[in-house]
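Chain residues, written in single-letter form:
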Amino acid sequence: MFSHDVSAEIFEADCTKALPQVFPDIIITDVPYGNLVEWDSGELIAIDFMLEQLWTISHENTILAICMNKKQKINCSKWKRLEKQSIGKRKFEILYVNK
């Protein structure tokens, strides 16, 4: 289906630390939730802090796929929702950069 080669680079990063200087087309993430995992980012809501950090390495065509607990809410205006789907106790959202 592609008329040219498609390159890919896969890496793991911690958004509470400095992110690599890359400008990805697609970001896929599953955020911590529940009694087994906790995260804290200071004053901001943790998920919104993560989205703010990811926005800094994104470009106008970046797509973000994020899986989270149904109770977690996204309040970051730097991203717009394209799609939302519930799967059991989790929800999956696809967002794009609002630049």
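This text follows the structure it describes.
Overview of the structure. Here the structure is a predicted model, which is why all the values come from computation and not from measurement. (Residues numbered from 1 in each chain as written. Predicted model: local features only at pLDDT ≥ 70, side-chain atom pairs only at ≥ 80, totals over all residues. Heavy atoms only, no water.)

**Brief notes about the overall build of the chain**
For step 1, the next point in the chain: For the chain, the count of helices and strands is one helix and four strands.
For step 2, the next point in the chain: Looking at the chain as a whole, 33% of its 99 residues are labelled buried.
For step 3, the next point in the chain: A separation threshold of at least 6 residues defines the contact pool for the chain, and within that pool the share at least 24 residues apart is 56%.
For step 4, the next point in the chain: By element, 53% of the accessible surface of the chain is carried by carbon and sulfur atoms, the whole surface being about 7,500 Å². (Helix = DSSP H or I, 4+ residues; strand = E, 2+ residues; numbered from the N terminus. Buried < 20%, exposed > 50% of the residue type's maximum accessible area, 1.4 Å probe, protein only. Contact = heavy atoms within 4.5 Å. Areas by Shrake-Rupley, 256 points an atom, 1.4 Å probe, with all protein chains shown as cover.)

**A closer look at the side chain of Lys91**
For step 1, the next point in the chain: Note on placement: Lys91 falls in strand 4 (residues 90–97).
For step 2, the next point in the chain: Within the structure, the side chain of Lys91 is placed 2.8 Å from the backbone oxygen of Gln72, a separation counted as a polar contact. (Polar contact = N/O pair within 3.5 Å; in protein donor to acceptor, adjacent residues only side chain to side chain.)

**Description of helix 1 (residues 46–56)**
For step 1, the next point in the chain: Among all positions of helix 1, only Ala46, Ile47, Asp48, Phe49, Met50, Leu51 and Leu54 are buried.
For step 2, the next point in the chain: Turning to helix 1, the residues buried within the fold contact strand 1 (26–30), strand 2 (63–69), strand 3 (79–87) and strand 4.

**A closer look at the side chain of Thr29**
For step 1, the next point in the chain: Summarising the element assignment, Thr29 is placed in strand 1.
For step 2, the next point in the chain: Those residues in contact with Thr29 that sit more than four places away from it in its chain are Met50, Leu64, Ala65, Ile66 and Cys67.

**A few points about the pairing of strand 3**
For step 1, the next point in the chain: Sheet topology note: the strand 3/strand 4 ladder contains eight bridges and is antiparallel. Following the sheet pairing, Ser86 is matched in strand 4 by Lys91.
For step 2, the next point in the chain: The turn joining strand 3 and strand 4, which pair antiparallel and follow one another in sequence, is formed by two residues; a positive phi near 60° is taken by Gly88. (Pairing = 2+ DSSP bridges.)

**Here's the deal with the pairing of strand 2**
For step 1, the next point in the chain: Burial analysis of strand 2 places six of its seven residues in the buried class, the great majority of the element.
For step 2, the next point in the chain: Here five bridges tie strand 1 to strand 2, and the two strands are oriented parallel to one another. Residue pairing for strand 2: Ile27 is matched across the bridge by Leu64.
For step 3, the next point in the chain: Sheet topology places strand 2 next to strand 4; seven bridges connect them, and they run antiparallel. Bridging across to strand 4, Ile66 finds its partner in Glu93.

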